[in-house]
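Results of the structural survey
Each chain, letter by letter, is given below.
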Amino acid sequence: MASHRKPRTRILKTASTKRGVLGITTAALASVSLLSQSAQAAPDDGKPSISEVKKKVDKLYQQAETSTQKYNEAKEKTDAQRKKADRSLDEAAERTAKLNDARRTLGNYATAQYRSGGMSQTATLLLTEDPQQFFQQTHVLDRMSGRQKEAVADFEKQQKAAQSKREHATEELAALNASQKALKENKQEVQDKLSEARKLLSKLTAEEKARLAAIEKKKQEAARKAAERAEEARQDAGSGGGSQSSQTEKVLAYAKAQLGKPYVWGATGPASFDCSGLTQGAWKAAGISLPRTTWDQVKVGTKVAKSEMKAGDLVFFYDDISHVGIYVGGGQMIHAPKPGADVTYEDVSYMPFHSAVRPG
């Protein structure tokens, strides 16, 4: 048995150099691969893996998206409140002008009384803080002509109206200040989340960042091809939807025209967008006005099941409904994804599905 085993040993030792090198190389590569996987799963230096960083960054972006919707809501309220405050200030100014006119009329009567040598009760009236009390104490109205009485009545009316408008304007300005404060807080909340995400990404090496970018590019390219196949199938099936089909085509045409434009939180175009800014712009192009935030957009139109979605429908994500995209068919959508990314195609399964709505 021993003499029989010996030649086999020699055969192994004398195997071709090429085969031996190949075996060693394969083993070495396998070892490197295992080591690489091990390092990524549980790095010895305590540094988080790429997948861990991506997971944390995606979570921060999602939180920033929620804060962005809060910002959008606060901005709408602030803009509306600013208009109300401006309107109240204008009304207060108009009333003040009318009060000044009434005051000048009384002044003319006071001057006339002074020149005639009479007691200038009108002049006294102009200096009192409570005209009504002055009337009650002096019974001056009994000694005035019809025109003078009208002038006094008009003055009193304009004085009360001006005071009311000033008080209302003060309230509107206080509400505006509160809205601006909320807007500032929401803005800071967004910036804090994005800053935290940038810090995490900055810890990745250039190679790791390149790998992440390659994964993202590959994913988006697959989504784009799937969307194009869905569009071809839709065109082959024929439009056949009348005005609804025409409306859908306008929505999709607008969305596709924005591909490659950067995501910027709070933006509504034309150079950049956030998610709800893009959907709002797309449906506006089709003649339908959508609200600004995802929380309001989800309430507009008819709710449809995920399996019944059609091109142009709005697709909402996450439990807090903080993200939205435009469905294009084939399980794909166009959306403004996150800071640092551009408007792109994406598989609707990439994020937790919440609901779908068909505006109109």
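Scope of this entry: the structure provided in the associated data block. (Residues numbered from 1 in each chain as written. Predicted model: local features only at pLDDT ≥ 70, side-chain atom pairs only at ≥ 80, totals over all residues. Heavy atoms only, no water.)

Things to note about the overall build of the protein chain
Helices and strands together make up the secondary structure of the protein chain, namely 10 helices and 6 strands. Considering the protein chain as a whole, with its 360 residues, one finds that 36% of them fall into the buried category. When the accessible surface of the protein chain is totalled, it reaches about 21,300 Å², and 53% of it is carbon and sulfur. (Helix = DSSP H or I, 4+ residues; strand = E, 2+ residues; numbered from the N terminus. Buried < 20%, exposed > 50% of the residue type's maximum accessible area, 1.4 Å probe, protein only. Areas by Shrake-Rupley, 256 points an atom, 1.4 Å probe, with all protein chains shown as cover.)

Details of the sheet that holds strand 5 (residues 344-347)
Spatial ordering of the open sheet is given by 1-6-2-3-4-5, a layout of 6 strands whose pairing is antiparallel. Pairing within the sheet leaves two strands with one partner each, and these edge strands are strand 1 (302-304) and strand 5. On average, each strand axis in the sheet is inclined to that of its neighbour by 40 degrees, with strand direction left out of account. Sheet topology note: the strand 4 (residues 332-335)/strand 5 ladder contains 4 bridges and is antiparallel. (Pairing = 2+ DSSP bridges. Axes fitted to C-alpha atoms, helices over the stretch in contact; angles between N-to-C directions.)

Here's the deal with the side chain of Ser49
Here Ser49 shows up in the loop between helix 2 (17-41) and helix 3 (50-115). Judged by relative accessible area, which is 5%, Ser49 ranks as buried.

Some details on the pairing of strand 6 (residues 353-358)
Strand direction decides the pairing type here: strand 1 and strand 6, joined by 3 bridges, are antiparallel. Within the sheet, the bridge partner assigned to Val304 lies in strand 6 and is Ala356.

Quick word on the environment of Arg198
Within the secondary structure layout, Arg198 lies in helix 6 (residues 146-202). With relative accessibility at 53%, the residue Arg198 sits in the exposed group.

Details of helix 9 (residues 275-285)
Among the 11 residues in helix 9, 9 count as buried, and that is most of the element. Of the residues making up helix 9, those classed as buried are Cys275, Ser276, Gly277, Leu278, Thr279, Gln280, Gly281, Ala282 and Trp283. Looking one or two residues past helix 9, Gly287 carries a phi angle of roughly 90 degrees, positive in sign.

A closer look at unusual backbone geometry
In this chain, Gly269 is followed by Pro270 through a cis amide linkage whose omega measures 0 degrees. Summarising the element assignment, Pro270 is placed in the loop between helix 8 (242-257) and helix 9. Even without a glycine there, the phi angle at Tyr318 is positive, about 70 degrees. Inspection of the secondary structure assignment puts Tyr318 in the loop between strand 2 (314-317) and strand 3 (323-329). You will see that Ile321, though not glycine, has its phi angle at about 50 degrees, which is positive.

Focus: the side chain of Glu172
Structurally, the position occupied by Glu172 is in helix 6. An unpaired buried charge is present at Glu172: no salt bridge exists, and Lys84, the closest side chain of opposite charge, is 4.2 Å distant. Dropping the residues within four chain positions of it, Glu172 is found in contact with Gln81, Lys84, Ala85 and Ser88. (Lys, Arg positive; Asp, Glu negative; His and termini not counted. Salt bridge = Lys/Arg side-chain N within 4 Å of Asp/Glu carboxyl O. Contact = heavy atoms within 4.5 Å.)

Quick look at the pattern of salt bridges
Overall, the coordinates contain 16 salt bridges when judged by the stated rule. The residue Arg104 makes a salt bridge to Asp101 at a minimum N-O spacing of 2.2 Å. Of this pair, Arg104 and Asp101 both sit in helix 3, 3 residues apart, which is roughly one turn of that helix. A residue is classified by how much of its surface remains accessible, and Asp101, at 40% relative accessible area, is partly exposed. Note that Lys299 and Asp296 form a salt bridge whose closest N and O atoms lie 3.9 Å from each other. With a relative accessible area of 64%, Lys299 lands in the exposed category.

Section: the packing of aromatic side chains
Both the distance between ring centres and the angle between the ring planes are used here to describe each pair of aromatic rings. Across all of its chains, the model carries 2 aromatic pairs by this definition. Considering the side-chain rings of Tyr71 and Trp265, the 4.8 Å spacing of their centres and the 80 degrees angle between planes classify their relative orientation as edge-to-face. With Tyr71 in helix 3 and Trp265 in the loop between helix 8 and helix 9, this residue pair connects regions lying 194 residues apart in the sequence. Each of the two residues, Tyr71 as well as Trp265, counts as buried. Relative to Phe273, the ring of Tyr254 lies with its centre 6.4 Å away and its plane at 85 degrees, an arrangement referred to as edge-to-face. Separated by 19 residues along the polypeptide, Tyr254 in helix 8 and Phe273 in the loop between helix 8 and helix 9 bring together distant segments of the chain. (Phe/Tyr/Trp six-rings, centres within 6.5 Å; stacked < 30°, edge-to-face > 60°.)

What about helix 7 (residues 206-237)?
Look at helix 7: 46 Å from first C-alpha to last across 32 residues, which is about the 46 Å you get at 1.5 Å a residue. For helix 7, every residue scored as buried is listed here: Glu208, Leu212, Glu216, Gln220, Ala223, Ala226, Ala227, Ala230 and Glu231. (Expected span 1.5 Å × (residues − 1).)

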